[in-house]
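# A structural walkthrough
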Amino acid sequence: MSESIRILTIQDISCFGQCSITVALPIISAFGIETAILPSAVLSTHTSGFTDYTFRDLTEDFPAILRHWEKEDISFDAIYTGYIGSSKQLKYIKDIINSRLKPEGQVYVDPAMADFGEFYYGFDQDFADKMGEHCKLGDFILPNTTEACYLLHKKWKENFSKEEMIEMARELCKFTNKYVILKGDTHKEGKIGMIVIDKDNPSEVNIVYNNKIDYVTHGTGDVFASSFVGASLIGKSPSASAKIAGEFTKKAIEYTIDDPKHNYGVKFEKAIPKLYDLLKDFDNNLKHQ
Ligand code: PXL
């Protein structure tokens, strides 16, 4: 019998739109990891590019769900949080982490609240400050540059220099227990970079590059975070996980780019069967370095 790993992911169910739980559950499961879910809210679609969507906040269900898991002694090797339904929910999530995360367990926080210089509908600076406190429970935080700027009360711009990105990643160390993975470094022509910093060794900076595809779409952040979490939980280093997640996300975009009607998310499902080749190629390349 092989050891199994069990993760809990807390984020919304957008019934339609390829994001959050409908992305995290299949992707993390594809890494062979048992994936439990706690929906933060149920929406008819995600909030980006749709109007008149329904939104049912599930905050008030959290305490009873926690009590039941305590009674059943259900615990987790890792907890990964994404889009949160309300700021009150963050307090309940802290209770869940304190009660249900195994002693050596890892916490992954994607502070999913903003992109392209703006908050997603319904979030504001007050929420961002509370999200900052929540990030401090994380062993890995995975902000994009917009989220980083809201966490740090900085002005966002489309392109930051390499030095500015590194500086920002270092400043973000106060919002993590261990690693910062800052996404969206665009300073290198044709590449998209992720800055990876270990808080305990901030002078050592790793920048992981993938080839950039010039295509803007929704949902790539969730595909990246989910594949990062999967790779990390099967034992890859933070930089290796960022590389694997970047390649996986690139593949998902490649499957989507020729279909202009498909502008609400990426076709990550088509990339899942390629995940195994991607992991094998990655391991083989490492051996030959
Ligand atoms: O992909 C981030 C995300 C998740 N969930 C909901 C969203 C968004 C981004 O807009 O609206 C409901």
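The structure contained in this document is the topic of the report that follows. (Residues numbered from 1 in each chain as written. Predicted model: local features only at pLDDT ≥ 70, side-chain atom pairs only at ≥ 80, totals over all residues. Heavy atoms only, no water.)

### A short note on the site of the ligand
Around the ligand, the neighbouring residues are Asp12, Ser14, Cys19, Ser20, Leu43, His46, Thr47, Ser48, Tyr83, Tyr120, His218 and Asp222. One of the side-chain nitrogen or oxygen atoms of Asp12 is found 2.8 Å away from a nitrogen atom of the ligand. Within the side chain of His218, a nitrogen or oxygen atom sits 3.5 Å from an oxygen atom of the ligand. For the ligand, whose free accessible area comes to 310 Å², the fraction covered by protein is 98%. For the shell around the ligand, a count of residues per class yields 4 nonpolar, 6 polar and 2 charged. (Near = heavy atom within 4 Å. Polar contact = N/O pair within 3.5 Å; in protein donor to acceptor, adjacent residues only side chain to side chain. Areas by Shrake-Rupley, 256 points an atom, 1.4 Å probe, with all protein chains shown as cover. Nonpolar A, V, L, I, M, F, W, Y, C, P; charged D, E, K, R; others polar.)

### Some points on the pairing of strand E11 (residues 205-211)
Where strand E10 (residues 191-198) meets E11, 7 bridges bridge the pair, whose relative direction is antiparallel. Bridge pairing links Met194 to Val208 in E11. Linking E10 back to E11 in an antiparallel pair, the connection comprises 6 residues. (Pairing = 2+ DSSP bridges. Helix = DSSP H or I, 4+ residues; strand = E, 2+ residues; numbered from the N terminus.)

### So, helix H1 (residues 21-30)
Inspection of H1 places Ile21, Val23, Ala24, Ile27, Ile28 and Ala30 among the buried residues, and these make up the whole buried set. Downstream of H1 by a residue or two, Gly32 has a phi angle that is positive, lying close to 85°. (Buried < 20%, exposed > 50% of the residue type's maximum accessible area, 1.4 Å probe, protein only.)

### Concerning the packing of aromatic side chains
A full pass over the atoms with the stated rule returns 11 aromatic pairs. With centroids separated by 6.4 Å and ring planes inclined at 70°, the aromatic side chains of Tyr108 and Phe228 adopt a geometry described as edge-to-face. Of this pair, Tyr108 sits in strand E5 (residues 101-109) while Phe228 is found in helix H7 (residues 220-233), placing the two residues 120 residues apart along the sequence. Relative accessible area serves as the criterion here: at 1%, Tyr108 is assigned to the buried category. Through a chain of ring-to-ring contacts, the aromatic side chains of Tyr108, Phe140, Tyr179, Phe224 and Phe228 assemble into a single cluster. Above the face of the Tyr179 ring, Lys178 is positioned so that its terminal group lies 5.5 Å from the ring centre. Here the basic side chain of Lys188 rests over the ring of Tyr209, its NZ or CZ set 4.3 Å away from the ring centre. (Phe/Tyr/Trp six-rings, centres within 6.5 Å; stacked < 30°, edge-to-face > 60°. Lys NZ or Arg CZ within 6 Å of the ring centre and 35° of its normal.)

### Description of unusual backbone geometry
The phi angle at Asp73 is positive, at roughly 55°, despite the residue not being glycine. Within the fold, Asp73 resides in the loop between helix H2 (62-72) and strand E4 (76-81). Phi angles above zero are rare outside glycine, and His153 is one such case at about 55°. Positionally, His153 belongs in the loop between helix H5 (145-152) and helix H6 (162-171).

### Some details on the sheet that holds strand E8 (residues 140-141)
With respect to topology, 9 strands assemble into an open sheet ordered E3-E2-E1-E4-E5-E8-E9-E10-E11, the strand pairing being mixed. Of all strands in the sheet, those bounded by a partner on one side alone are strand E3 (55-57) and E11. In the sheet, E8 pairs with strand E9 (residues 179-185) via 2 bridges, with the strands oriented parallel. Across the sheet, Ile141 pairs through a bridge with Val180, a residue of E9. Packed onto the sheet, helix H8 (residues 238-256) meets E8, E9, E10 and E11 and runs at close to 15° relative to E11. (Contact = heavy atoms within 4.5 Å. Axes fitted to C-alpha atoms, helices over the stretch in contact; angles between N-to-C directions.)

### Focus: H2
Among all positions of H2, only Phe62, Leu66 and Trp69 are buried. Angular distribution of buried residues about the axis of H2 spans 65°; they occupy a single face of the element. Exposed positions of H2 whose direction lies more than 90 degrees from the buried face are Arg67 and Lys71. Those residues of H2 hidden inside the fold are in contact with strand E1 (6-16), strand E2 (34-45), E4 and helix H3 (87-100). Just past H2, the residue Asp73 takes up positive phi, approximately 55°. (Arc of directions from axis to C-beta.)

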